[in-house]
Amino acid sequence: MAVMTVREALRAELREWLKDDRVFIIGEDIGYYGSTYGVTAGFLEEYGPEKIRDAPIAEAGIVGVGIGAAMLGMRPIVEIMSVNFSLLAFDQIINHAAKLYYMFGGQMQCPLVLRTTNGWRNLSATHSQAFDTMFAYVPGLKVVAPATPADMKALFRAAMEDPDPVIFIEHTLMYGVKGEVPDDYQAKIGESRLAREGKDVTIVTYSRPVHLCMEVAEKLSKEEGIECEIIDLRTIRPLDMSKALTSFRKTNRAVVVSEEWQSHGVQAEVVARLYEHGFDYVDAPIERVGYVEVPFPYATNLENQVVVTPERIEAAIRKVLE
Amino acid sequence: MATTPETTERYAGLSAEQLIDMYRQMVLIRVFEEKCQEMYTRAKIGGFLHLYVGQEAVAVGTINALKPEDHIITHYRDHGHALARGLDPKALMAELFGKATGCAAGLGGSMHFVDVSKRFWGGYAIVGSHLLMACGMGTALKLQKKPEVVMVFFGDGATNGGEFYEALNFAKLGKLPVVFVCENNLFAMGTPIAVHSSVQEIYRKACAFDMTAERVDGNDLIATYEAALRAVEHARSGQGPVLLECVTYRLRGHSAQDTQKYRTKEEIEKYRARDPNQVFRKKLIEDGILSEEQAQQIERQMEQVVDEAVQFADQSPPAEEKWLDPTSAYANPIADKY
């Protein structure tokens, strides 16, 4: 069993796919520059400019090229460097990638994997956002946001094998996170994961906050004997609530944690479903932890209070246990 | 009836048989569109209906320059392209009627005609966006080393949006086998070209990308066909993309509900005198390629074809309810779990 970082896990899986004649990667600064977050560093030299396609700074074009190529049987990997830039490609993603299969009566498929990153750190308002919920809102898209190196690798494989467009959300602050990647490990789109067993409170989360929640859970277990059960959703459309609901029916208390503005997001959907399908099991109002609802500030002292922190997660857990 | 060497030259080397077939296609489009208007008025067709009346020579002239293995992707005024490509009028009318037998199972409607078996990759209703997908198709063909070309249609209005410029840049950078066909009908919806575009000769916009471009009278079938042949040959031979501007005029409104306040009756009448179908019909008769009787016979046949399409659409079952299942939006359906 190998121990890898998220970045290494992704690189290993991308290499597997680059052997396939149908696969190419297209994005900004993925080749000559050497890749902004290092995921495709060195690939241009290794695989050449037909496979590693440096694109103009034209996000609609990058995604549109991916869609057209997918229609004619290719398996493009489209990289949008930062999810903030995906807004320029929303027409392509939502009006086209998400619609082709249904709108044309099942005649066409769009097997596109769109890799993009959430993230922040002194980047201010236009470079620190997360739009998970905006993708997940749209029927026709699948939205995957793994947390561990093993899931990154396995779910990227699942996304590439899937005939539908998949939005694959990474996180700029997670590429260095290490973890074990078993050789035969597999994960499926639309299946959540029990990340930690516990009896006292259910935490429903995904992507980078999974690691923050694990940290808080270990601390509370060690210091006070509080046992958190953590459910990593891994996919947010389609949404697998089965493990979260089983856990909630056991603990009767839940905290939902994600890196997004707190209102109108994935959290809202998860909380609604916990109430809809677990109403008889509620012992305390469900708490949620997300970004404070302001555009992101640049200054560190402010930014540190906007983001999801272990302290805020711990406070929410204590509140539902009151 | 046979062509003489002289007429052969004048008609781009097309045989009498081919010329008559092209006239048949133009008539089919015209009759189909007029019937659509009637069916819209009778509420058999809903939504937006953008008719192709007056632009027939563009679709027929350009699409006949393609081979069956070439690819077409187009805009929302897509009936003419679909019929010129040989899509089944029955499946098209059924689509307009929202029936299960429609070319898109009743899910797409007028703006989203499709038939992948004919390499007709659909009509797209967000102006300009499909030009980028055409570049992706061209990229795929190049990587697959296939000698096929992509022909993409759009209007003059689409050439002001960012996607047009992104697409021309991508196509030229990659030397992609894409023929960009601009149907310049002088209006972006109801806004005249002098109001919506700083440059009114659209083909000049290609020079920013050092792209081969040509402007042709899109109401002249043979001139359009010849220009399209040149463009397709250029793209197929690996020399990269071409922008072909076909100047034309739509004789009906932007959509079936258009009151056409933005133009005068006189202007429409002026262009009616240059109706591409009438011009071509007259020319074929004058040159002895087609007789008046033959022309009338073709027109009667096409009316029958369209009537049969209406009958088929009327008698077809409604769109299937299976499409209400949320997982039906996916080729690989995965349901939410509770």
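Shown above is the structure to which this text applies.
Residue positions within a chain follow its written sequence, with the count starting from 1. Whichever chain is written first becomes A and whichever ligand is written first becomes 1, with later ones labelled in order. Side-chain atom pairs in this predicted model are given and counted only at pLDDT of 80 or more, local residue features only at pLDDT of at least 70, and totals for whole chains, interfaces and linings cover all residues. The side-chain figures draw on all heavy atoms in the structure; neither hydrogens nor water molecules are used.

Quick word on the pairing of strand β5 (residues 113–118) of chain A
Residue and element names in this part refer to chain A. As a reminder of what qualifies: Any residue under 20% of the maximum accessible area for its type is buried, any over 50% is exposed, and the rest in between are partly exposed; the area is computed with a 1.4 Å probe on protein chains only. To qualify as a helix, a DSSP run of H or I must reach at least 4 residues; to qualify as a strand, a run of E must reach at least 2; elements of each kind are numbered from the N terminus. Only when DSSP finds a minimum of two bridges between them are two strands counted as paired.
Among the six residues of β5, six are classified as buried, and the element is accordingly described as predominantly covered. Pairing of strand β4 (residues 77–80) with β5, which is carried by four bridges, proceeds in the parallel orientation. Bridge pairing in β5 links Ile77 to Val113. As paired strands, β5 and strand β7 (residues 166–171) are joined by six bridges and run parallel to one another.

Brief notes about the interface of chain A and chain B
Rules: We call two residues in contact whenever any of their non-hydrogen atoms come within 4.5 Å of each other. Defined in terms of a 1.4 Å probe, buried area is the accessible area two parts forfeit on being brought together, summed over both. The rule for a salt bridge is simple: a side-chain nitrogen of Lys or Arg has to be within 4 Å of a carboxyl oxygen of Asp or Glu. We call two N or O atoms a polar contact when they sit within 3.5 Å, provided that within protein one can donate a hydrogen and the other can accept it, with sequence-adjacent residues counted only if both atoms are side-chain atoms.
Contacts between chain A and chain B engage 54 residues on the former and 45 residues on the latter. Both faces combined, the contact of chain A with chain B buries some 4000 Å², and carbon together with sulfur accounts for 66% of it. Interface area lost by chain A to chain B is led by Leu72(A), Tyr102(A) and Gln107(A), which between them contribute 18%. Inspection of the region where chain A meets chain B yields two salt bridges. Here Arg273(A) ties to Asp336(B) by a salt bridge, and the two come within 2.8 Å at their closest N and O atoms. For the pair chain A and chain B, the interface holds 21 residue pairs in polar contact (both at pLDDT 80 or more).

Remarks on the packing of helix α2 (residues 16–41) of chain B against helix α3 (residues 56–63) of chain B
Residues and elements named next belong to chain B. To keep it simple, the criterion reads: Lines fitted to C-alpha atoms define the axes, with helix axes restricted to the stretch in contact, and inter-axis angles between N-to-C directions lie between 0 and 180 degrees. Throughout, the term roughly parallel applies to angles under 35 degrees, roughly antiparallel to angles over 145, roughly perpendicular to angles from 65 to 115, and oblique to all others. Throughout, a crossing is termed right-handed when the near helix is turned clockwise from the far one, and left-handed when it is turned anticlockwise from it by less than a right angle. Lys, Arg, Asp and Glu make up the charged group, whereas Ala, Val, Leu, Ile, Met, Phe, Trp, Tyr, Cys and Pro make up the nonpolar group; the residues left over, Gly among them, are polar.
Across the interface, α2 lies against α3 with an axial gap of 9 Å and an inter-helix angle of 140°. Put simply, α2 runs oblique to α3. Pair α2 / α3 crosses with right-handed handedness. Where α2 approaches α3, its residues Met22, Gln25, Met26, Ile29 and Arg30 are matched on the opposing element by Glu56, Ala57 and Val60. The class makeup of the residues in the contact of α2 with α3 is five nonpolar, one polar and two charged.

Describing the environment of Val320(A)
Here Val320(A) lies in helix α12 (residues 310–321). Apart from the residues lying within four places of it in its own chain, the contact partners of Val320(A) are Val201(A), Arg253(A), Ala254(A), Val255(A), Ala284(A), Pro285(A) and Glu287(A).

So, the packing of aromatic side chains
In plain terms, the rule: Aromatic rings from Phe, Tyr and Trp, taking only the six-membered ring of Trp, are treated as a pair when their centres fall within 6.5 Å; an angle between ring planes under 30 degrees marks them as stacked, one over 60 as edge-to-face, and anything in between as tilted. As a reminder, the over-ring test applies to NZ of lysine and CZ of arginine, requiring each to be within 6 Å of the ring centre and within 35 degrees of the ring normal.
A full pass over the atoms with the stated rule returns 15 aromatic pairs over all chains. When the ring of Phe154(B) is compared with that of Phe164(B), the centres are 5.8 Å apart and the planes differ by 55°; the resulting orientation is tilted. Taken as a pair, Phe154(B) in strand β3 (residues 150–155) and Phe164(B) in helix α7 (residues 162–173) lie far apart in primary sequence, ten residues in all. For the pair Phe154(B) and Phe164(B), one class covers both residues: buried. With a centroid separation of 3.8 Å and an interplanar angle of 5°, the aromatic rings of Tyr249(B) and Tyr271(B) are classed as stacked. Residue Tyr249(B) is found in the loop between β8 (242–247) and α10 (265–272), and its partner Tyr271(B) is found in helix α10; the two are separated by 22 residues along the sequence. Judged by relative accessible area, which is 1%, Tyr249(B) ranks as buried. In this structure Tyr271(B) comes out as buried when scored by relative accessible area, which is 14%. Aromatic rings pair up to connect Phe154(B), Phe164(B), Tyr165(B), Phe180(B) and Phe209(B) into one cluster. One residue, Arg53(A), lies across the ring of Phe24(A), its end atom 5.7 Å from the ring centre.

Section: the sheet that holds strand β2 (residues 120–124) of chain B
Through backbone hydrogen bonds, the strands of a sheet pair up, either in parallel or in antiparallel fashion. Residues and elements named next belong to chain B. Strand order in this open sheet of six strands is β2-β1-β3-β4-β8-β7, and the pairing throughout is parallel. The open sheet has two edge strands with one neighbour each: β2 and β7 (212–217). Between one strand axis and the next, the sheet turns by 15° as a mean value, whatever way the strands run. Note that β3 and strand β4 (residues 178–184) share six bridges and pair parallel. Across the sheet, residue Gly155 finds its bridge partner in β4, namely Glu183. Most of the contacts of α3 go to β3, to which it runs at about 165°, and overall it touches β1 (71–75), β3, β4 and β8.

Topic: α12(A)
All names here are of chain A. This is how it is decided: The span you would expect from a helix comes to 1.5 Å times its residue count less one. The directions considered for the arc are those from the helix axis to the C-beta atoms.
Taking 1.5 Å per residue as the helical rise, α12 with its twelve residues ought to reach 16 Å, and the 17 Å between its terminal C-alpha atoms agrees with that figure. For α12, the complete set of buried residues consists of Pro310, Ile313, Glu314, Ala316, Ile317 and Val320. Summarising the axial view, the buried residues of α12 lie within an arc of 160°, below the 170-degree limit, and thus occupy one face.

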